4 protein chains.
Amino acid sequence: MKAAILGATGLVGQRFVQLLNDHAWFEVTTLTGSERSSGTEYAKAVNWRMETPLKASMGELRVQPSEPKNVDADVVFSALPADQATVIEEEFAKAGYAVVSNASSHRMDQDVPLMNPEANFNHLTLIDEQRRRRKWDGALVTNPNCTTAVLTIPLKPISDNFGLKNVVMSSMQAASGAGYPGVASLDIIDNVIPYISGEEEKVQQETQKILGAPGESATFKVSASCHRVAVLDGHTEAVFVQTERHASPEQIAECMEEFAAEPQKLKLPTAPPRPVIVRKEQDRPQPRFDRGEGRGMSIVVGRVRKDPVFDGAKFVALGHNTIRGAAGCALLIAESMKSQRYI
Amino acid sequence: MKAAILGATGLVGQRFVQLLNDHAWFEVTTLTGSERSSGTEYAKAVNWRMETPLKASMGELRVQPSEPKNVDADVVFSALPADQATVIEEEFAKAGYAVVSNASSHRMDQDVPLMNPEANFNHLTLIDEQRRRRKWDGALVTNPNCTTAVLTIPLKPISDNFGLKNVVMSSMQAASGAGYPGVASLDIIDNVIPYISGEEEKVQQETQKILGAPGESATFKVSASCHRVAVLDGHTEAVFVQTERHASPEQIAECMEEFAAEPQKLKLPTAPPRPVIVRKEQDRPQPRFDRGEGRGMSIVVGRVRKDPVFDGAKFVALGHNTIRGAAGCALLIAESMKSQRYI
Amino acid sequence: MKAAILGATGLVGQRFVQLLNDHAWFEVTTLTGSERSSGTEYAKAVNWRMETPLKASMGELRVQPSEPKNVDADVVFSALPADQATVIEEEFAKAGYAVVSNASSHRMDQDVPLMNPEANFNHLTLIDEQRRRRKWDGALVTNPNCTTAVLTIPLKPISDNFGLKNVVMSSMQAASGAGYPGVASLDIIDNVIPYISGEEEKVQQETQKILGAPGESATFKVSASCHRVAVLDGHTEAVFVQTERHASPEQIAECMEEFAAEPQKLKLPTAPPRPVIVRKEQDRPQPRFDRGEGRGMSIVVGRVRKDPVFDGAKFVALGHNTIRGAAGCALLIAESMKSQRYI
Amino acid sequence: MKAAILGATGLVGQRFVQLLNDHAWFEVTTLTGSERSSGTEYAKAVNWRMETPLKASMGELRVQPSEPKNVDADVVFSALPADQATVIEEEFAKAGYAVVSNASSHRMDQDVPLMNPEANFNHLTLIDEQRRRRKWDGALVTNPNCTTAVLTIPLKPISDNFGLKNVVMSSMQAASGAGYPGVASLDIIDNVIPYISGEEEKVQQETQKILGAPGESATFKVSASCHRVAVLDGHTEAVFVQTERHASPEQIAECMEEFAAEPQKLKLPTAPPRPVIVRKEQDRPQPRFDRGEGRGMSIVVGRVRKDPVFDGAKFVALGHNTIRGAAGCALLIAESMKSQRYI
């Protein structure tokens, strides 16, 4: 199947290009970018920041404008900035494309699935309602913001097994989450920035939407405090959880460890063998050593222990913010859609 | 008055030396160190890591063994490692010295004041009981671990004004907290270490002891998750608070801003003009820009905002871990003791 | 005397503001900035990145456009970007202002002194020729680029005492040299960037101009390789020197240590007591510990040792790139000009 | 063939373990370590710092003492500290083992080949002399220190084509070069350390030995200045070269690009397809993006340009210090020995 990437020169766009290099199902046929870069070869238009080299055949593609008529594809991955995504993504869906977007613009639209496939595979059915309501043949599905993507995978089995009442989360986020050039070195060397615009609100709302029923946000409460640290890739999150039914730290660790969902059962190409890997060592997870687990798609959890405030559990979760938290998640959504014939 | 520093070659020992360079009340007469360094000049025995140069007169002092007979002082500051502190500090107190210690060994002893002077100046009275019970003329007082020192200053006015019910805290701690050489660069460049041995238990217990009545720990609950980040100095803490009586974020910010305690009233030399500085900018406090406030003795708080879980407030607090969190706090304790004639 | 700062919101502009806070001779009366920021208070227009807080009275000044008619000053410090500096600085000089510039635009103009005062105080006399030729009452003097500023101070006494034949220099430059936001954190964490646009050519030409006679570049050869490393402030330079007359490493260290020039003799306010500080320790200078020497105006040299290739000496030099290498150097130039009645 | 690793728990030892995980020719049968760790499983004895997980079968090996009787192997890789290597390596050679060592102890022994295989494959013949002289059946061959390993690969084709007269080199070395824990984070965050004990002497001597005839050091001169920067892996070196016969930068780039030696011709398993990769971009090589080239065995060179001092060329070279600069180089030596039937 043919795939297009909208906004392919940015950091998330590059991650899409990298992950689609040798994908089992999708072949990239179109890369789009800003007007300024239109017509030039991708290799020249992009400031390639991935750790593996850009594949030559990908580099030779000419950058196109982000318009439906320039695109020849079965699925369209959007790494557009939010302000552009609002209109352009709807244009593509109207033109009949299946759009999977990393932009925040439509995430909270009621008839747009906000998906982290292991957490809410069943939200795919919202596409039917979306097509009815919006009178289009295409589809628009979004992945969560990177911090929520990391958080909701370990929360899902806890929610399923014990119910969620309260979640407090404090993040230590990687620089790549801000794109490129993004965070100035003068701001982050020997420093922490205790603020990421809009992030806490997103985490709070998106977590409830993902872990709720399709079209209906969950009612447990979420409080987030988001911080930037001097890490290249990988968001670390300190999570404190109060469950509805009592659960020991051991039980919570166990349910995360055993967790597997439709993407695993369907053996989707981008699905990690284990969505959550629970480490027993005292000092894990660590971004540099654990962000690559499951080719960046697993969440590594550690330090599952008693929480004295909630009489629940606290733990540390880590995930790759531009893979599980962005491009990888979108790919897994597209694979999920294809498996259910929405593409 | 004459002051001695036990364990003067370590990182906290150096901070004592630096802060006592030109102190209004105390003059350093003795520096002690390991057997290996005994007899050599301090300048040669120390691997000086402070950002200001070592004062020549200090560097010329010969390092002494950590024994009472080698010390000529009115007050003894201990930067000994915990395993040595247990016995040595008691020996000094028995020999009649007033010992102010940064070591964790005696912090939780019931008759040893664990003090952060703005938070529990009244705990000084425990010294009377200590003298009675232990039958010594000296005194042994401890400062809290660095993370607790930063946390308890902003919590105090909240506790006084609205009562504390639950406190959840997630820290991003500086490398200097682990001493020198401490954290290996291979462990912290492009990384976060989500574990600091014993730290969370200390924060939970010490916070309750400090904010309780003398000899009686408070009963509100504290849950901590402690992490090391690539910062040289300055611990950043994300704090979520549930109060007993309802308080808006504005009220909480206000009570912190207006907070002043005995050290301020008595104008003790090391007391910062304002124990808590509340910043209004969205992206403060930051370690590199705020750790020096009040010559490292102020806690800088920012992002005081509504917390959806506790219906209370969340905020970010920052303090200098080897000044307010160690040597500076110990100095302020000694000044407090002198003001009340315990020295 | 009254001073204006052109381009006051950038990183070097901020350093001028900070250094002129309490200057003995100059008082800031005008700050200029981009059109966009014109009319707003400086405190609001600037993203203050200095480690000390912005003085309130400075923050209240309203930003002016960079035009002579808006400026009321005896001396004008220019932190303009090179493309704007070319024309604007000439306009100010034509309007009668004494302009001291950090921009590269006019540095290599034959009748414009390129000054690092301890190295070429006598170049001030070029101002007379400049005024004749350009038919203006003002003056235009420039400071060198930051890397050259650090290099030429220790080279000067070597040149005076032994003559220079060849200089090879390899730099490890701080992020602040690229301004703000400047170097992206994704480019410099766990990385070195072995290229700084135009820097090597500047070092090679400017060093020869500074250490030559007024109006006549020196003929010794200079080869530079310039690299960016993960340091906030302070350029480190590995220098290999071939002298005309034989000199031992000890002699070279000695001549640097004893070096003093007109700014020291005249006790100019910004002149450091010692332009070069020679450290004996094996592992100095280091940016974090030595960049503040002489309030950022001293060059700290270490590891003066035999060089097997040139049969000369090699050493490591370090200086603060935005103080000695920019704003501080410009201030010292202005003080030098005033001392010789060019202002 | 069977391989043993002496000193397998250190950072270079771990790199050997990682590289030998799936080696075409060698299978690890013995891992040795300190007395303290003898008898325990490797997985428990090691603080694994590699970026890929430790293979389970390797982790289950029990650590042995570093004595010949405990070892069952055809080739012995030594990652011992220099002080232990001196005696132990000779014991193994005496006992008939082929020892390839990363330790510095025997590198400058006249009858011990110091090899970087692409640069001096012909030095293997020294083994014959060594056996005669030392009256043993084993063999002792060493790889150079990491900085020299990176330097001598690009120098070799220049030496072959144009002759070498003078080499000036200034390094920016990674933290992993100092082992683990090695460089303290308090020493390298926001800092450069301009000193690495013994390193400059090693670079100067070892480069001459490698690029000389077997048993006879070359006579061109080398001057090094070595510095530590905040990089995890990958040494960056600024190199200034004076050749005997005139060569343009283009000619020098070309001879490096076309360079291939015996390891390439013999297609040895660890030999990179191209020993030197010359990048044309202005800002390469960079450690984070280029240290993995040729699975860490290629040297990436960039910025080949005119050098005004030597009328030769200057360039920047980068190589992975614990692969090409240590364990990978030793593996390639062993493969070279096997290809010539010395193993």
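Rules of the game
- Residues numbered from 1 in each chain as written.
- Chains lettered and ligands numbered in written order.
- Predicted model: local features only at pLDDT ≥ 70, side-chain atom pairs only at ≥ 80, totals over all residues.
- Heavy atoms only, no water.
- Helix = DSSP H or I, 4+ residues; strand = E, 2+ residues; numbered from the N terminus.
- Rg over C-alpha atoms; globule rule 2.2 N^0.38 Å.
- Contact = heavy atoms within 4.5 Å.
- Areas by Shrake-Rupley, 256 points an atom, 1.4 Å probe, with all protein chains shown as cover.
- Lys, Arg positive; Asp, Glu negative; His and termini not counted.
- Charge placed at Lys NZ, Arg CZ, Asp CG, Glu CD.
- Pairing = 2+ DSSP bridges.
- Right-handed = clockwise from strand over helix to strand, strands pointing away.
- Axes fitted to C-alpha atoms, helices over the stretch in contact; angles between N-to-C directions.
- Buried area = accessible area lost by both parts, 1.4 Å probe.
- Salt bridge = Lys/Arg side-chain N within 4 Å of Asp/Glu carboxyl O.
- Polar contact = N/O pair within 3.5 Å; in protein donor to acceptor, adjacent residues only side chain to side chain.
- Least-squares fit on C-alpha atoms with pLDDT ≥ 70 in both.
- Parallel < 35°, antiparallel > 145°, perpendicular 65-115°, else oblique.
- Left-handed = near helix turned anticlockwise from the far one by under 90°.
- Nonpolar A, V, L, I, M, F, W, Y, C, P; charged D, E, K, R; others polar.
- Buried < 20%, exposed > 50% of the residue type's maximum accessible area, 1.4 Å probe, protein only.
- Arc of directions from axis to C-beta.
- Phe/Tyr/Trp six-rings, centres within 6.5 Å; stacked < 30°, edge-to-face > 60°.
- Lys NZ or Arg CZ within 6 Å of the ring centre and 35° of its normal.
- pLDDT = per-residue confidence, 0-100.

Looking at this model, I keep getting lost on the overall build of chain A. Mind explaining?
Scanning chain A from N- to C-terminus turns up 13 helices and 11 strands. Over its C-alpha trace chain A gives a radius of gyration of 19 Å, about what one expects of a compact globule, namely 20 Å for 343 residues. For chain A, the share of sequence-separated contacts (at least 6 apart) that also reach a separation of at least 24 residues comes to 74%. Accessible surface, chain A: about 11700 Å² in total, of which carbon and sulfur atoms supply 46%. Both charge centroids of chain A, one from 38 positive and one from 42 negative side chains, sit 2 Å from each other.

Where do I start with the pairing of strand S2 (residues 27-31) of chain B in this structure?
Remember that side chains alternate between the two faces of the sheet whenever the strand is regular. All names here are of chain B. The pairing of strand S1 (residues 2-6) with S2 spans four bridges and is parallel. Bridging across to S2, Ala4 finds its partner in Thr30. Read from S1 through helix H1 (residues 11-19) to S2, the crossover connection turns out right-handed.

Help me out: how do you make sense of the sheet that holds strand S10 (residues 299-307) of chain D in this one?
Consider a sheet: its strands pair through backbone hydrogen bonds, and that pairing is either parallel or antiparallel. All names here are of chain D. Here six strands make up an open sheet; going across it, the order is S7-S6-S8-S11-S10-S9 and the pairing mixed. Since the sheet does not close on itself, it has two edges, and those belong to strand S7 (221-228) and strand S9 (276-278), each with one partner. Strand-to-strand twist across the sheet, computed as the mean angle between neighbouring axes with direction ignored, equals 25°. Alignment of S10 against strand S11 (residues 312-319), held across six bridges, turns out to be antiparallel. Residue pairing for S11: Arg305 is matched across the bridge by Lys314. Across the face of the sheet, helix H9 (residues 199-210) comes into contact with strand S6 (164-173) and S7 while running at roughly 145° to S7.

Explain the interface of chain A and chain D to me, please; I cannot follow it from the model alone.
One frequent convention defines the size of an interface as the accessible area lost when the parts assemble. Facing the nine residues of chain A at the interface are eight residues of chain D. Across the chain A/chain D interface, buried area totals approximately 870 Å², and carbon plus sulfur atoms make up 54% of it. In terms of surface lost to chain D, no three residues of chain A exceed Arg49(A), Arg288(A) and Phe289(A), which account for 50% of the buried area on that side. In this assembly, chain A and chain D are joined by zero salt bridges. Counting the contacts that link chain A with chain D gives zero residue pairs in polar contact (both at pLDDT 80 or more).

Whenever I open this one, unusual backbone geometry confuses me. Can you help?
Residues apart from glycine generally show negative phi values, whereas peptide bonds are mostly found in trans. The amide bond that connects Arg284(A) to the next residue, Pro285(A), takes the cis arrangement and shows omega of 5°. Note that Pro285(A) resides in the loop between strand S9 (276-278) and helix H12 (287-290). With a phi close to 55°, Arg303(A) is a non-glycine residue in the positive phi region. Within the secondary structure layout, Arg303(A) lies in strand S10 (residues 299-307). The backbone of Asp190(D) shows a phi angle near 55°, a positive value even though the residue is not glycine.

What exactly am I supposed to notice about the interface of chain C and chain D here?
Across the contact, 49 residues belong to chain C and 49 residues belong to chain D. When the two sides are added together, the surface that chain C and chain D hide from each other amounts to roughly 3800 Å², 55% of it contributed by carbon and sulfur. When the buried area of chain C at its contact with chain D is split by residue, Asp190(C), Tyr195(C) and Val309(C) rank highest and sum to 18% of it. Between the two partners, chain C and chain D, sit six salt bridges. Put simply, Glu200(D) and Arg303(C) hold a salt bridge, and the shortest N to O gap is 2.7 Å.

How should the relation of the copies chain A and chain D be read in this particular structure?
In this structure, two copies of a chain are linked by a rotation about an axis accompanied by a shift along it. The two copies are related by a screw motion: chain A maps onto chain D through a turn of 180° and a shift of 0.0 Å along the axis, at an RMSD of 0.0 Å. Put plainly, the chains are arranged around a two-fold axis. Residue Asp190(A) of chain A places its C-alpha closer to the rotation axis than any other residue of that unit, at 3.4 Å. When the interface residues of chain A are mapped onto chain D, 89% of them again fall at the interface, so both copies present the same face.

How should the packing of H1(B) against helix H13 (residues 323-339) of chain B be read in this particular structure?
Packed helices, taken two at a time, are described by their axes: the angle between them and the distance between them. Residue and element names in this part refer to chain B. The contact between H1 and H13 brings their axes to 9 Å, and the two run at 50°. Taken together, the axes of H1 and H13 lie oblique to each other. The interaxial crossing formed by H1 with H13 has right-handed handedness. When H1 is examined against H13, the residues Val12, Arg15, Phe16 and Leu19 are found in contact with a partner set consisting of Ile323, Ala326, Ala327, Gly328, Ala330 and Leu331. Of the residues assigned to the contact of H1 with H13, the class counts are eight nonpolar, one polar and one charged.

Just to check I follow, could you spell out the pattern of salt bridges for this structure?
Think of it this way: side chains of opposite charge can pair up when their charged atoms draw near. Under the counting rule described, the total for this entry stands at 88 salt bridges over all chains. Put simply, Arg305(B) and Glu200(A) hold a salt bridge, and the shortest N to O gap is 2.9 Å. Taken together, the residues Arg305(B) in strand S10 (residues 299-307) and Glu200(A) in helix H9 (residues 199-210) connect one chain to another. Arg305(B) sits in the buried class, given a relative accessible area of 14%. For the salt bridge of Arg49(B) with Asp187(D), the shortest nitrogen-to-oxygen distance reads 2.2 Å. One end of the pair, Arg49(B), is in the loop between helix H2 (42-45) and helix H3 (56-59); the other, Asp187(D), is in helix H8 (residues 185-188), on a second chain.

Honestly, the relation of the copies chain C and chain D in this entry has me stumped. Any pointers?
Overlay of chain C on chain D (RMSD 0.0 Å): rotation 180°, translation along the axis 0.0 Å. Of all interface residues in chain C, 100% are interface residues in chain D too; the two copies therefore contact each other through one and the same surface.

Looking at this structure, how should I read helix H6 (residues 126-134) of chain C?
All names here are of chain C. Burial in H6 covers these residues: Leu126, Ile127 and Gln130. Take H6 and look down its axis: the buried residues cluster within an arc of 100°, on one side only. Where H6 is buried, its residues touch strand S5 (139-142) and helix H13 (323-339). Lys135, located one to two residues past H6, shows a positive phi value of around 50°.

Whenever I open this one, the environment of Leu155(D) confuses me. Can you help?
Residues and elements named next belong to chain D. Within the fold, Leu155 resides in helix H7 (residues 146-162). According to the relative accessible area criterion, Leu155 is buried, its value standing at 0%. Measuring from C-alpha to C-alpha, the distance between Leu155 and Ala119 comes to 8.4 Å, with 36 residues separating the pair along the chain. Apart from the residues lying within four places of it in its own chain, the contact partners of Leu155 are Leu164, Val167, Thr207, Leu211, Val239 and Val241.

Help me out: how do you make sense of the packing of aromatic side chains in this one?
Working definition: an aromatic ring pair is given by the centre-to-centre distance plus the angle between the planes. The final tally for this structure, using the stated rule, is 18 aromatic pairs over all chains. Look at Trp25(C) and Phe26(C): their rings are 6.4 Å apart centre to centre, the planes differ by 80°, and that puts the pair in the edge-to-face class. A cation sits over an aromatic face here: Lys338(B) above Trp25(B), 4.6 Å from the ring centre.

Can you walk me through the side chain of Glu200(B) in this structure?
The exposure class of Glu200(B) is buried, given its relative accessible area of 4%. A polar side-chain atom of Glu200(B) sits 2.9 Å from the main-chain amide nitrogen of Cys226(B). Among residues more than four places away in sequence, those in contact with Glu200(B) are Arg303(A), Arg305(A), Lys314(A), Ala224(B), Ser225(B) and Cys226(B).

Could you clarify how one ought to interpret the packing of H7(D) against H9(D) in this entry?
All names here are of chain D. Contact pair H7 / H9: the axes reach a minimum separation of 9 Å and the direction vectors enclose 40°. In this structure, H7 crosses over H9, and the sense of that crossing is right-handed. From H7, Cys146, Thr147, Thr148, Leu151, Thr152 and Leu155 reach across to H9, where they touch Glu199, Lys202, Val203, Glu206, Thr207 and Ile210.

I keep staring at the confidence of the model for chain A and nothing clicks. Help me out?
For any part of a model where pLDDT is low, the fine detail of the predicted coordinates should not be relied upon. When pLDDT is averaged across chain A, the result is 97; 100% of the residues are at 70 or more. Model confidence for the complex: the whole-complex pTM is 0.97, and ipTM, which rates the interface, is 0.96.

What exactly am I supposed to notice about the sheet that holds strand S7 (residues 221-228) of chain B here?
All names here are of chain B. The strand order S7-S6-S8-S11-S10-S9 describes an open sheet built from six strands, whose pairing is mixed. Taken across any chain shown, the strands that pair with only one partner, and hence form the sheet edges, are S7 and strand S9 (276-278). Averaged over all pairs of adjacent strands, the angle between their axes in this sheet comes to 25°, without regard to strand direction. Looking at chain direction, strand S6 (residues 164-173) and S7 are connected through eight bridges and run parallel. Bridge assignment links Asn166 to a residue of S7, and that residue is Lys221.

Could you clarify how one ought to interpret the environment of Ala253(A) in this entry?
Residues and elements named next belong to chain A. Counting through the fold element by element, Ala253 comes out in helix H10 (residues 249-257). The buried category is assigned to Ala253, whose relative accessible area is 10%. For Ala253, the contacting residues outside a window of four places in its chain are Val278 and Val304.

Looking at this structure, how should I read the side chain of Gln14(A)?
Residue and element names in this part refer to chain A. Turning to its location among the elements, Gln14 is positioned in helix H1 (residues 11-19). Using a relative accessible area of 2% as the deciding quantity, one classes Gln14 as buried. Polar contacts involving the side chain of Gln14 include one to the main-chain carbonyl oxygen of Thr9, which spans 3.1 Å. Those residues in contact with Gln14 that sit more than four places away from it in its chain are Ala8, Thr9, Tyr42, Val46, Asn47, Trp48, Arg49 and Met50.

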